[in-house]
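Remarks on the overall topology
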Amino acid sequence: MSGHVLIIDYGSQYTQLIARKVRALGYYAEILPAGLEVEPALAKEPGALILSGGPASVEAPGAPTLDEKLLAANLPTLGVCYGMQLLAKSLGGRLTSSEGGEYGPADLTTAPSPLWRDLPSQKISVWMSHGDRVSQIPEGFVVIGQTADLSIAAMAKPEKNLYGLQFHPEVHHTQGGETILRNFLELAKLTADWRMDSFIQKSILAIQEKTRGARILLGLSGGVDSTVTAAILDRAVGKNLYCVFVDNGLLRHNEAEEVSQYLKKAFPQLNLIVANAGDLFLTNLKGVVDPEKKRQIIGQTFIDVFTEEANKLGPIDFLAQGTLYPDVIESISPFGPSALIKSHHNVGGLPENLQFELIEPLRDLFKDEVRVLGAELGVPHELLWRQPFPGPGLAIRIVGEVTPEALTVVRHCDLIIREELEKSGLAKDIWQAFAVLLPVKSVGVMGDGRTYFKAVAIRAVTSVDAMTADWARLPDTLLARWSSRLINEVAGVNRVLYDISTKPPSTIEWE
Ligand code: XMP
């Protein structure tokens, strides 16, 4: 049986997590947003179906439904939360909607079922997040799990490999969640054949087939996605790849040099063009204080510089981008891309007036898979595990106008923060740690003199995917090192603050 799992997305915030978990278990998972045509996905002959959770009420008018063609395909099926309710209703069961619902941990008491094989005990702690519930299971099903609040928390029709879970096996807080998913995939008799080395082979052949000796242009930022894109294209087309690294003057200390050195060492044949455009970016940003305006100007300037470099290179047929699977899913979801909080421009945004064909070798992968791929392709560890750094760079870490002086200050602060974090040995636990230069001045005393200098905020967060983040609980010894070095070594700073806001409601970057 194919190792391919089709996941129907009913809008749960956890759907991508299901796909990532399935892939980590060695099975290829594809997400199809509910409401789209199912035939093309079924034509790929998936070996199992997972119905995700979702925010709607199954009985509400206009709520997404289970396409009959999916049921008719007779696939082993796992319904999660909304997916379980939909499965129950479609097969003749009944639902009740309850006021309030149930959110957070619950103790599940399991009844014998192969779905629970290898769980640590008969009672496990699971994560619930639902309003409605199944009040009557469809004919032929048995109840295989209950909680104090729910008499039907899990159901099964084992001979057909149909399972429903009211809780979320994909979230970290469900005990044995991964075991449950693995059991389902094994019961479905799928072959675990999703491996990075076979992805590399297939992907290289596909790139060669598509480009047939034509030239490819790639905007390289030194971030994980564009670097791994460069690595696989380098393997596939060698000298026909041209990478443009835009030094926008908004980078961290020594960044342009470091990134190009790492890249040249790992990929000696790479055609790497560094465009020095710091002055142009600064000129365009002169007098601008509004965060969105800064982002737009930077995005546009990137495109201008990139276009100019492309024109210098002569005819180019393909533009490569490091688009990842979450971007693809978001752009096809009928629920629409999430509301615009900040415009994110990545290097190499597609200039409309250039007639390139797009090539996106990573569009089937999640970030963690991109790192595995990068490591297999020889991308240096230092590049794969760098802290994320926003495309607009230090410009969005200066509240107020971006000037050469402000950049010098914030760049120096950033260096000190990263140096001390490395020394503390805590860097691997921190998603990002950086300085934000505030437009606030305060009075201080240095030596015997009065100072009236700027304040710097330190932002250090923990996160798994930047969707949510918590401020890092760091030892006061590190905070003290940061504070004393920042105030003593960076001219123009006399006060240091520690940002203790979570995301949401704040964001990670200040602008
Ligand atoms: P926020 O500030 O939205 O940031 O909580 C979430 C993550 O995204 C990074 N970030 C960006 N990355 N281009 C990028 O490539 C951008 O314009 C951009 N803005 C924010 C941010 O550093 C954090 O990791």
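Residue positions are counted from 1 within each chain, in the order its sequence is given. Per-residue local features are limited, in this predicted model, to residues with pLDDT of at least 70; the limit for side-chain atom pairs, both in listing and counting, is 80 or more; totals at the level of whole chains, interfaces and linings are taken over all residues. The side-chain quantities take in all heavy atoms of the structure and omit both hydrogens and water.

Considerations on the sheet that holds strand S9 (residues 142-146)
Any two strands with at least two DSSP bridges between them are considered paired. Secondary structure elements are defined from DSSP: runs of H or I of at least 4 residues count as helices, runs of E of at least 2 residues count as strands, and each element is numbered from the N terminus. Within the open sheet, the 9 strands sit side by side as S2-S1-S3-S4-S11-S10-S9-S6-S7. Their pairing is mixed. What marks the edges here is a single partner per strand, and that holds for strand S2 (28-33) and strand S7 (123-130). With strand direction ignored, the average angle separating the axes of adjacent strands in the sheet is 25 degrees. As judged from the 4 bridges shared by strand S10 (residues 154-157) and strand S11 (residues 162-165), these two strands associate in the antiparallel manner. Each residue of the ladder has a partner; that of Ala154, found in S11, is Leu165. Contact criterion: two residues are considered in contact whenever any of their non-hydrogen atoms come within 4.5 Å of each other. Here an axis means a line fitted to C-alpha atoms, over the contact stretch when the element is a helix, while the angle between two N-to-C directions is reported on a 0 to 180 degree scale. Contacting strand S1 (4-9), S2 and strand S3 (48-51), helix H1 (residues 15-24) runs over the sheet at an angle of about 160 degrees to S2.

What to know about helix H15 (residues 476-489)
With 14 residues, H15 extends 19 Å from end C-alpha to end C-alpha; this agrees with the ideal 20 Å at 1.5 Å per step. A 1.4 Å probe rolled over the protein chains alone gives each residue an accessible area, and that area as a share of the maximum for its type sets the label: buried under 20%, exposed over 50%, partly exposed in between. Among the residues of H15, Leu478, Trp482, Arg485 and Leu486 are the ones counted as buried. All buried residues of H15 lie within an arc of 100 degrees about the axis, which places them on one face of the element. Opposite its buried face, H15 presents the exposed residues Asp476, Thr477 and Asn488, each directed more than 90 degrees away. Of the surrounding elements, those touching the buried residues of H15 are helix H14 (404-424), strand S17 (432-446), strand S18 (449-462) and strand S20 (493-498). Working rule for helices: expected span equals 1.5 Å times residues minus one. By construction, the arc corresponds to the directions joining the helix axis to the C-beta atoms.

Digging into the environment of Ala72
Its place among the elements puts Ala72 in helix H3 (residues 68-72). The class for Ala72 is exposed, based on a relative accessible area of 60%. When the C-alpha positions of Ala72 and Pro114 are compared, they lie 24 Å apart, and in sequence the two are 42 residues distant.

Details of the side chain of Glu360
Relative to the helices and strands, Glu360 resides in the loop between strand S16 (357-359) and helix H12 (367-376). Of the residues examined, Glu360 reaches a relative accessible area of 18% and is grouped as buried. Any N or O atom pair separated by 3.5 Å or less is treated as a polar contact, with the protein-specific requirement of one donor-capable and one acceptor-capable atom, and with residues adjacent in sequence counted only for side-chain atom pairs. At 2.6 Å, the side chain of Glu360 forms a polar contact with the side chain of Arg363. Not counting chain neighbours up to four residues away, the residues in contact with Glu360 comprise Gln321 and Thr323.

Considerations on the nonpolar core
What we call a nonpolar core is a set of buried Ala, Val, Leu, Ile, Met, Phe, Trp, Tyr and Cys residues that are connected through their side-chain atoms within 4.5 Å. Counting residues in hydrophobic clusters, the biggest one holds 45 residues, and the most contacted among them are Leu217, Leu250, Phe281, Cys413 and Trp482. Per-element accounting of this core gives the leading share, 8 residues, to H14. Residue contacts for Leu250: discarding those within four places in its chain leaves Phe281, Leu285, Ile298, Phe389, Pro392, Gly393, Leu394, Ala395, Val402, Leu407 and Arg411.

Focus on H14
Over its 21 residues, H14 extends 30 Å from the first C-alpha to the last, a length consistent with the 30 Å expected when each residue adds 1.5 Å. Among the residues making up H14, those that are buried are Ala406, Leu407, Val409, Val410, Cys413, Asp414, Ile416, Ile417, Glu420 and Leu421. For H14, the secondary structure elements touched by its buried residues are helix H9 (278-285), S17, S18, H15 and S20. Following H14 by one or two positions, Gly425 has its phi on the positive side, about 80 degrees.

A word on the pairing of S2
Every other side chain in a regular strand lies on the same face of the sheet, so the side chains alternate between the two faces. For S2, the buried fraction is high: 6 of the 6 residues fall into the buried class. Burial of the side chains of S2 extends over both faces: Tyr28, Glu30 and Leu32 are buried on one face and Ala29, Ile31 and Pro33 on the other. In this structure, S1 lies alongside S2, joined through 6 bridges in parallel fashion. By the bridge assignment for S2, Ile7 is matched with Ile31.

Examining unusual backbone geometry
Most peptide bonds take the trans configuration, and most residues that are not glycine carry a negative phi. Pro504 follows Lys503 through a cis peptide bond whose omega is -20 degrees. Considering the arrangement of structural elements, one finds Pro504 in the segment after S20. Of the consecutive residues Pro504 and Pro505, the connecting peptide bond is found in the cis state with omega at 10 degrees. Assignment of secondary structure puts Pro505 in the segment after S20. A positive phi angle, close to 55 degrees, is found at Glu45, a residue other than glycine. Relative to the assigned elements, Glu45 resides in the loop between helix H2 (39-43) and S3.

Some points on the packing of helix H6 (residues 196-211) against helix H7 (residues 224-237)
Two elements in contact, H6 and H7, have axes whose closest approach is 9 Å; the angle formed by their N-to-C orientations is 65 degrees. As H6 runs across H7, the sense of the crossing is right-handed. Between H6 and H7, the contacting residues are Phe199, Ile200, Ser203, Ile204, Ile207, Gln208 and Thr211 on the first element and Ile232, Leu233, Arg235, Ala236 and Val237 on the second. Looking at the contact of H6 with H7 residue by residue, the classes come out as 8 nonpolar, 3 polar and 1 charged. Crossing handedness is defined as follows: a turn of the near helix away from the far one that is anticlockwise and smaller than a right angle gives a left-handed crossing, while the clockwise case is right-handed. Charged means Asp, Glu, Lys or Arg here, nonpolar means Ala, Val, Leu, Ile, Met, Phe, Trp, Tyr, Cys or Pro, and polar covers whatever is left, Gly included.

Details of the domain arrangement of the protein
According to the domain assignment, the protein consists of domain 1 (4-187), domain 2 (196-384) and domain 3 (398-498). One C-alpha centre belongs to domain 2, the other to domain 3; they are set 29 Å apart. Between domain 2 and domain 3, a total of about 950 Å² is buried, with carbon and sulfur atoms accounting for 60% of that surface. Once two parts are brought into contact, the accessible area they lose, counted with a 1.4 Å probe and summed over both, makes up the buried area. Its largest share of buried area at the contact with domain 3, domain 2 owes to Arg252, His253 and Leu282, together 44% of the area lost on that side. Salt bridges are defined by distance alone: a side-chain nitrogen of Lys or Arg within 4 Å of a carboxyl oxygen of Asp or Glu. Between the two partners, domain 2 and domain 3, sit 0 salt bridges. Marked domain ranges trace back to an automatic or database domain assignment.

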